[in-house]
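# Descriptive structure summary
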Amino acid sequence: MSKPLEGVYAALTTPFVGDDVATEKMKDNVSRLNATDLAGYLVLGSTGESVSLTDDESLALVDAVLEAAGPGKKVLVGTARESTKATIAFTNALPAAGIAAALVRPPSYYRSKLTREALKAHYLAVAEASHLPVLVYNIPQNTGLSLEPRLVVDLAAHANVVGLKESSGSLAFLAEVVREVPERFHYFLGSGHVVFPGLEMGACGAILAVADAAPEICAGIFRLFMAEKQDEARKLQLDLVPLNKALTETYGIAGLKCAQDLRGYYGGPVRMPLLPVGDQAKREIAALLGSMGL
């Protein structure tokens, strides 16, 4: 059974010129990505340096992506803030039309007090108040909090909680969740390392940082899998792993933006406190892209 949001999405970087958000560069990137088989785009995710943006900058980026996204391309928006009230307010400040879902990571500053009960109450309050469908976001490497699979299953019972982006890369997490959530629930992989095995185990797609630099490969894994060309999809997955590791683990967002620049997209600088990559890293990233024919 197909699901309305299934497929592979690029977790968009935020273009800066100097230290200013460059919405025209964002539109240019999205316009180029429209020619690929990506299902759509996530704006204001972790890859988009969302925690370093003001609300005004964030809203301007959303408007830019909505304007540039091609027909049929779906737009997801990261809306999390550190309080439930602020998360609801920012989510509901977004346009009601054109956005497929809000992606909400857990608050984490008071992590020692963010018990299962507190997180459940937070997400249910957001889901109840949001005019957009809600995707839960598990990214323990950034938040220091790992949502329990059982909590995700419980949240999935709410009609406005339509899915999960799971970025730890744990296939065990996937196995625990997919067997118990409703058929309408979307399970998105957030790690480029496990797209193919995750699809085999019941995920309906992925939201990936590496798709900014290698959209053809990322979308190709999904396309080939859906066409039942498992061997070809598996090969693309194996080809993707070294690049994904370099751009999401070794060098991070600065490395990803370097890869975008090398591929003719606009990556540009990161915003402090992040720092740019050095010349050696640029050479290694260029070599990886070259080895993949990119």
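Described in the following lines is the structure provided in the data block. (Residues numbered from 1 in each chain as written. Predicted model: local features only at pLDDT ≥ 70, side-chain atom pairs only at ≥ 80, totals over all residues. Heavy atoms only, no water.)

With that settled, consider unusual backbone geometry. Negative phi is the rule for most residues except glycine; trans is the rule for most peptide bonds. Here the residue pair M272 and P273 is connected by a cis peptide bond, since its omega of 20° sits within 30 degrees of zero. Looking at the secondary structure, you find P273 in the loop between α11 (252-262) and α12 (279-291). Of note, the phi angle at E49 is positive, near 55°, even though the residue is not glycine. Structurally, E49 can be placed in the loop between β4 (40-43) and α2 (55-68). Within the chain, E228 stands out as a residue other than glycine whose phi angle is a positive 65°. For E228, the position within the fold is in the loop between α9 (215-226) and α10 (230-250). For E228, a relative accessible area of 69% corresponds to the exposed category. (Helix = DSSP H or I, 4+ residues; strand = E, 2+ residues; numbered from the N terminus. Buried < 20%, exposed > 50% of the residue type's maximum accessible area, 1.4 Å probe, protein only.)

On to α10. The end-to-end C-alpha distance of α10 is 29 Å, a good match for the 30 Å that 21 residues give at a rise of 1.5 Å each. At V241, α10 shows its largest kink, close to 35°, and the proline P242 lies no more than four residues downstream. Residues of α10 that are buried: A233, L236, Q237, L240, L243, N244, A246 and L247. Taken together, the buried residues of α10 touch α8 (195-200), α9, α11 and α12. (Expected span 1.5 Å × (residues − 1). Bend = angle between axes of the 7 residues up to and from the residue. Contact = heavy atoms within 4.5 Å.)

On to the pairing of strand β5 (residues 74-78). Within a regular strand, the side chains alternate between the two sheet faces. The buried fraction of β5 is high, at four of five residues. Note: β4 against β5, four bridges, orientation parallel. Across the sheet, the residue bridging to Y41 is V75, located in β5. For the crossover that starts at β4, traverses α2 and ends in the parallel β5, the hand is right-handed. Two elements, β5 and strand β6 (residues 101-104), share three bridges in a ladder whose sense is parallel. Bridging across to β6, V77 finds its partner in A102. Between β5 and its parallel partner β6, the chain crosses via helix α3 (residues 84-92), and the hand of that crossover is right-handed. (Pairing = 2+ DSSP bridges. Right-handed = clockwise from strand over helix to strand, strands pointing away.)

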